[in-house]
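# Summary of the model geometry
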Amino acid sequence: MIETLEIRRLLPGSPHLLMVGKWQYEQWGSLYPETSQEAWQEELHRECGARGVPAVFLALAEGRPVGTASLVKADMEVRRDLSPWLASVFVLPEWRGQGIASRLVRCVEGEAQEVGMTRLYLFTPDQQALYRRLGWKDKETLDYRGMSVTIMMRSLAT
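Everything quoted here is computed from the prediction, not taken from an experiment. (Residues numbered from 1 in each chain as written. Predicted model: local features only at pLDDT ≥ 70, side-chain atom pairs only at ≥ 80, totals over all residues. Heavy atoms only, no water.)

Moving on: the nonpolar core. If you look at the biggest cluster of nonpolar residues, it comprises 38 residues, and the most contacted ones within it are Leu86, Trp95, Ile100, Tyr131 and Trp136. Of all the secondary-structure elements, those providing two or more residues to this core are helix H1 (17-28), strand E2 (55-61), strand E3 (64-72), strand E4 (85-91), helix H3 (100-114), strand E5 (119-124) and helix H4 (128-133). Looking at this core, the element that brings in the most residues is E2, giving seven residues. Excluding residues that lie within four positions of it along the chain, Trp95 makes contacts with Ile2, Ala61, Glu62, Arg64, Val66 and Ile100. In terms of nonpolar packing, the next biggest core, distinct from the first, is built from 14 residues, Trp40, Met76, Leu82 and Trp85 among them. (Core = buried A, V, L, I, M, F, W, Y, C linked by side-chain atoms within 4.5 Å. Buried < 20%, exposed > 50% of the residue type's maximum accessible area, 1.4 Å probe, protein only. Helix = DSSP H or I, 4+ residues; strand = E, 2+ residues; numbered from the N terminus. Contact = heavy atoms within 4.5 Å.)

As structure tokens, then:
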């Protein structure tokens, strides 16, 4: 059980930036074989905004980085008509099942709502049940980069 969980905005000078980039690249880099880990890291650095879109959040359990999630303008080049996106939700395997991903999702939703966004999108190949429990609705299923994924949408209360 987690005694303390803190979610912080990841800023460009954060000492955790390299670790988060490594997590993300290891998790999703194979979807983008044309992107090097260095280019991925540079993009993550650009996503570290002070408020609104883009933004990256880091979950710290008992002071240790254990997860991340992002708010980005675009996450699928084939659906640039949809914006903004919840992206890169990741929790270290040994910390899963403790509500950290849900807290990260709620944090991103709150950030989007604070800056006037009325809806968010995400895509996932396998975590539909988690997002449905959090109030997300299926929008469509499509083949993206050789994988069947579901695009989901969440309306944000105003």
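Next up on the list: the pattern of salt bridges. For the structure on display, the rule yields twelve salt bridges. Measuring nitrogen to oxygen at the nearest pair gives 2.7 Å for the salt bridge that ties Arg79 to Asp81. On the basis of relative accessible area, Arg79 is assigned to the buried category, the value being 16%. A relative accessible area of 55% places Asp81 in the exposed class. Where salt bridges share partners, they join Glu34, Glu77 and Arg145 into one cluster. (Salt bridge = Lys/Arg side-chain N within 4 Å of Asp/Glu carboxyl O.)

With that settled, the discussion passes to the pairing of strand E7 (residues 147-155). Relative to E7, E5 runs antiparallel, the two sharing six bridges. Bridged to Phe123 within E7 is Ile151. Bridge count between strand E6 (residues 137-144) and E7: seven bridges; the pairing is antiparallel. If you follow Thr141 over to E7, its bridge partner there is Thr150. (Pairing = 2+ DSSP bridges.)

Moving on, we get to H1. Between its first and last C-alpha, H1 extends 16 Å over twelve residues, near the 16 Å set by a 1.5 Å rise per residue. When H1 is considered as a whole, its buried residues turn out to be Leu17, Val20, Gly21, Trp23 and Gln24. End-on view of H1: buried residues confined to an arc of 160°, all on one side of the axis. Opposite the buried face of H1, by more than 90 degrees, sit the exposed residues Leu18 and Glu26. Buried-residue contacts for H1 involve helix H2 (37-47), E2, E3 and E4. (Expected span 1.5 Å × (residues − 1). Arc of directions from axis to C-beta.)

It is worth spelling out the packing of aromatic side chains at this point. Evaluated as defined, the whole model comprises eight aromatic pairs. Considering the side-chain rings of Tyr25 and Trp40, the 5.7 Å spacing of their centres and the 80° angle between planes classify their relative orientation as edge-to-face. Of this pair, Tyr25 sits in helix H1 while Trp40 sits in helix H2, and the two are 15 residues apart along the sequence. By relative accessible area, which is 24% here, Tyr25 ends up partly exposed. Residue classification places Trp40 among the buried positions, given a relative accessible area of 14%. Ring centres of Trp28 and Phe90 lie 6.4 Å apart, and the angle between their planes is 80°; this geometry places the pair in the edge-to-face category. (Phe/Tyr/Trp six-rings, centres within 6.5 Å; stacked < 30°, edge-to-face > 60°.)

Quick look at the layout of surface pockets now. Taken as a whole, the largest pocket spans an internal volume of roughly 1200 Å³. Broken down by secondary-structure element, the contributors of at least two residues to the lining of the largest pocket are H1, H2, E3, E4, H3, E5 and H4. Split into classes, the residues belonging to the lining of the largest pocket amount to 24 nonpolar, eleven polar and ten charged. (1 Å grid on protein atoms, 1.4 Å probe; cavity = no way out; pocket = protein on both sides within 12 Å on 5 of 7 lines; lining within 4 Å. Points joined across faces, edges and corners; volume = space filled by probe spheres on them. Nonpolar A, V, L, I, M, F, W, Y, C, P; charged D, E, K, R; others polar.)

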